[in-house]
Amino acid sequence: FHLILGEESARKNPQCLEAFVAAVQKREPDRKEEDLVLTYDQSPGGLKALLEKLYGQAEKPTGLCVALVSRYILTQGWLQARGFRIPGDVSLICRDGDDLMDCIIPAPAHYAYRTEIYGHRLARAIATLIETGRVKDHTLLVPEFVKGDSMGPVPKNGKKQQRN
């Protein structure tokens, strides 16, 4: 499994990288961060070049977690245009959520913030700021995982069908 995100996003959000790497290394201790986290120059062309390199190898990845909904859509289209089945050959997760997810087939596995919880915590933080003149340094908002239909099991041999 690989996390794919733009270089700028990687620099701005090191906590996301650390959490992803820690979660994978918990199950696969030998996996290195440089193998798990793949970055590109934020452009559609940069992502396409990364996918070309990644899927030009003999052993093709069986799972990707892609940051940004627009880049998830690009990745899904790129894979499907080359004959990869989602989730048959590649499991695909979007790190972000959006109302657009309801319009994508297969329905993407993704992370979504529950707006009512986010709104409540934001209102509470604003009320605290007004009352005390201070606000906590940070509030952790944990997104909800939405399973979708874009994830599937890896075959028993550990590899999905190899395509070029």
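These remarks concern the structure in this document. (Residues numbered from 1 in each chain as written. Predicted model: local features only at pLDDT ≥ 70, side-chain atom pairs only at ≥ 80, totals over all residues. Heavy atoms only, no water.)

## A short note on unusual backbone geometry
Leaving glycine out, the prevailing phi sign among residues is negative, and the prevailing peptide bond configuration is trans. What counts here: Think of it this way: any DSSP run of H or I at least four residues long counts as a helix, any run of E at least two long counts as a strand, and we number them from the N terminus. Each residue's exposure class comes from its accessible area (1.4 Å probe, protein chains only) as a fraction of the maximum for that residue type: buried when under 20%, exposed when over 50%, partly exposed otherwise.
Cis geometry is adopted by the peptide bond preceding Pro87, which originates at Ile86 and carries an omega value of 10°. Along the chain, the position of Pro87 falls in the loop between helix H5 (69-81) and strand E4 (91-94). Here Ile105 and Pro106 are connected by a cis peptide whose omega angle stands at -5°. Tracing the backbone shows Pro106 in the loop between E4 and strand E5 (109-112). The backbone of Leu68 sits at a positive phi, close to 75°, despite the residue not being glycine. Here Leu68 is to be found in the loop between strand E3 (63-66) and H5. Taking the relative accessible area as the measure of exposure, Leu68 reaches 36% and is therefore partly exposed.

## Focus on the packing of aromatic side chains
The condition is simple: Note on ring pairs: Phe, Tyr and Trp rings are taken, using the six-membered ring of Trp, and paired if centres are within 6.5 Å. Classes follow the plane angle, with under 30 degrees stacked, over 60 edge-to-face and the rest tilted.
Within the structure shown, the criterion is met by three aromatic pairs. Consider the rings of Tyr55 and Trp78, whose centres lie 5.8 Å apart with planes at 50°: the pair is tilted. One end of the pair, Tyr55, is in helix H4 (residues 44-55); the other, Trp78, is in helix H5, and 23 residues separate them in sequence. Summarising the aromatic geometry, the rings of Tyr111 and Phe145 are spaced 5.0 Å apart at their centres and angled 55° between planes, so their arrangement reads as tilted. Placement of Tyr111 in strand E5 and of Phe145 in strand E6 (residues 144-146) is noted, with a sequence separation of 34 residues between them.

## Section: the nonpolar core
Note the threshold: For our purposes a nonpolar core is just a set of buried Ala, Val, Leu, Ile, Met, Phe, Trp, Tyr and Cys residues, chained together by side-chain atoms within 4.5 Å. Any two residues having at least one pair of non-hydrogen atoms within 4.5 Å are treated as being in contact.
Counting residues in hydrophobic clusters, the biggest one holds 22 residues, and the most contacted among them are Ile4, Leu51, Tyr55, Leu64, Leu79 and Leu92. Looking at this core, the elements that each hand over two or more residues are strand E2 (37-40), H4, E3, H5 and E4. Not counting residues within four places of it along the chain, the set of residues in contact with Leu64 comprises Phe1, His2, Ile4, Leu51, Leu54, Tyr55, Thr75, Leu79, Val90, Ser91, Leu92 and Ile93. By size, the runner-up hydrophobic cluster in this structure holds 14 residues, among which are Leu5, Cys16, Val37 and Cys65.

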